[in-house]
Amino acid sequence: MPNFELHAHKQIIKHREVVADDWSVLKIVEDGTPETVDVPAGKIIVPVTVWLAQREQLLARAARKELGIWFASDELAQTVKDDLDKFAVVAVDFPKFSDGRGYSIAYNLRKRLGYQGELRAIGDVLRDQLFQMARCGFNAYATREDRNIHDALKGLTVFSETYQASVDNPLPLFRRHARGALPEHSDVGAGI
């Protein structure tokens, strides 16, 4: 009996398109431990705890870009800061819709640690979250299987403008638009 479960999506949203997905997410079952879980062949996204426990055995797979990692919502991005360039995919788990800790993990991965690769949201990922996830640095989304992925894709374009600076746009709105100057021939403010 395996000490893990594999979760796979047929399709994900990546770079604002619905694409086929050839990765599986490994989750440890109750009797498994990060040290003893058997990581199967193929493109697998393992928990950070498995990477830390089996790093030496998994390095070759990471070098072939056949390995990704995923963070639980209570883990810190800094845990693997020196190894981030080894992974084809870094994922962040959202165990439930209302758990927002994953946004901070993504922001830290992008802004503080400089991760440039695929950053994927997994777990309870719904259309309503996608716009804010993109603002924090996500560029791939494994939406819930019971929802329409093409409908979820629309969640990335629900707003046309943002006020605050973030990963997707480092300048706040007031820095992006010129202010103050009136056209030369304006009657505004001329007392007419």
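Look up a bit, the structure's there.
Per chain, residue numbering runs from 1 following the sequence as it is written. Owing to the predicted nature of the model, reporting of local features is limited to residues with pLDDT of at least 70; listing and counting of side-chain atom pairs is limited to 80 or more, with chain, interface and lining totals taken over all residues. Based on all heavy atoms of the structure, the side-chain values leave hydrogens and waters out of the count.

## Observations concerning the overall build of the chain
Worth spelling out the cut-off: Helix and strand assignments come from DSSP, with helices taken as H or I runs of at least 4 residues and strands as E runs of at least 2, each series counted from the N terminus. Any residue under 20% of the maximum accessible area for its type is buried, any over 50% is exposed, and the rest in between are partly exposed; the area is computed with a 1.4 Å probe on protein chains only. Here a residue-residue contact requires only that any non-hydrogen atoms of the pair lie within 4.5 Å.
When helices and strands are tallied, the chain shows 5 helices and 9 strands. When the helices and strands of the chain are listed from N to C terminus, the series reads β-β-β-β-β-α-β-β-α-β-α-β-α-α. The buried share among the 192 residues of the chain stands at 43%. Counting only contacts in the chain whose residues sit at least 6 apart along the sequence, the fraction spanning at least 24 positions is 51%.

## Points about helix α2 (residues 101–112)
The test is simple: Multiplying 1.5 Å by the residue count of a helix minus one yields the expected span of that helix.
Compared with an ideal rise of 1.5 Å per residue, which puts 12 residues at 16 Å, α2 spans 16 Å between its outermost C-alpha atoms and is within 8% of the ideal. Among all positions of α2, only Gly102, Tyr103, Ile105, Ala106, Asn108, Leu109 and Arg110 are buried.

## Quick look at the sheet that holds strand β7 (residues 89–94)
Inclusion rule: Strand pairing is defined by DSSP finding a minimum of two bridges between the two strands. Orientation is described by lines fitted to C-alpha atoms, with helices fitted over the stretch in contact, and by angles between N-to-C directions that extend from 0 to 180 degrees.
One open sheet holds the 9 strands; their spatial order is β1-β4-β5-β6-β7-β8-β9-β2-β3, and the pairing between them is mixed. Every interior strand has two partners, whereas the edge strands, β1 (4–8) and β3 (17–20), have only one. Bridge count for strand β6 (residues 67–71) against β7 is 3 bridges, and the pairing is parallel. Following the sheet pairing, Phe71 is matched in β7 by Val92. Together, β6, β7 and β8 (118–123) form the strand contacts of α2, whose direction differs from that of β7 by roughly 160°.

## Here's the deal with unusual backbone geometry
You will see that His15, though not glycine, has its phi angle at about 50°, which is positive. Among the residues examined, His15 registers a relative accessible area of 52% and is labelled exposed. Not every positive phi belongs to a glycine, and Lys65 is a case in point at roughly 60°. With respect to the helices and strands, the residue Lys65 is situated in the loop between α1 (48–63) and β6.

## Overview of the environment of Phe174
Along the polypeptide, Phe174 turns up in helix α5 (residues 173–176). Accessibility expressed as a relative area gives 45% for Phe174, which makes it partly exposed. When the C-alpha positions of Phe174 and Ala72 are compared, they lie 36 Å apart, and in sequence the two are 102 residues distant.

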